[in-house]
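# Close look at the chain arrangement
Each chain is listed here by its residues.
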Amino acid sequence: DQEFYNALREASLLNMDMFLARDLCNIAQSFVRVGRGDPALFSAISNASSSVMDQFSIRDLCDLARAFAKVGHNDADLFRHIAGLFFLGHLTVHDICSLSWALIHGSPPSTPSVENLKVAIVDVAIRQKLWKLSGSSTRSPSLKEAACA
């Protein structure tokens, strides 16, 4: 209901500087799940995220990127940060899928780091034999094209 949504939105906006990195990810995902992509809220989440960027796990960063993409909120700093951390951790299938979706649908700026990130995701997906998720023993020819789109 609208009154409940407004109360949660206002409480989140007023306390944005008190949230931990994981909290910011949870807030973004929760509002996306209920179809509330409020631009002011997502801008506040983006601003708050920039000050705790080093506290996010790879999964949280991927999930946050996907949440932002779902509501059309572009955050160039988030993608630059992910690109910088990409080689420091191991991506899971969940991470690859979330990040690929965000890159395809979120329209991040075309920078060398974002382009390198796209190539690296395809490389990791191929190395992890991600195509086996479909149950076939051969690689889907569209995996690379979809991830780089």
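Everything discussed here concerns the structure shown above.
Notes on the structure in this doc start here. If you're wondering where the values come from, they're calculated on a predicted model, not measured in any experiment. (Residues numbered from 1 in each chain as written. Predicted model: local features only at pLDDT ≥ 70, side-chain atom pairs only at ≥ 80, totals over all residues. Heavy atoms only, no water.)

## A look at the pattern of salt bridges
One pass over the full model with this rule turns up 4 salt bridges. Between Arg9 and Asp38 there is a salt bridge; the shortest N-O distance is 2.9 Å. Of this pair, Arg9 sits in helix α1 (residues 2-14) while Asp38 is found in the loop between α2 (21-33) and α3 (39-51), placing the two residues 29 residues apart along the sequence. Judged by relative accessible area, which is 14%, Arg9 ranks as buried. Each member of the salt-bridge network shares a partner with another, and the members are Arg9, Glu10 and Asp38. (Salt bridge = Lys/Arg side-chain N within 4 Å of Asp/Glu carboxyl O. Helix = DSSP H or I, 4+ residues; strand = E, 2+ residues; numbered from the N terminus. Buried < 20%, exposed > 50% of the residue type's maximum accessible area, 1.4 Å probe, protein only.)

## Comments concerning α3
End to end, α3 covers 19 Å across 13 residues, agreeing with the expected 18 Å (1.5 Å per residue, within 8%). Along α3, the positions that sit buried rather than exposed are Leu41, Phe42, Ala44, Ile45, Ser46, Ala48 and Ser49. Looking at the packing, one finds that the buried side of α3 touches α1, α2 and α4 (58-70). Between a side-chain oxygen at the N-terminus of α3 and the backbone nitrogen of Ala40 the separation is 3.1 Å; the capping residue is Asp38. (Expected span 1.5 Å × (residues − 1). Contact = heavy atoms within 4.5 Å. Polar contact = N/O pair within 3.5 Å; in protein donor to acceptor, adjacent residues only side chain to side chain.)

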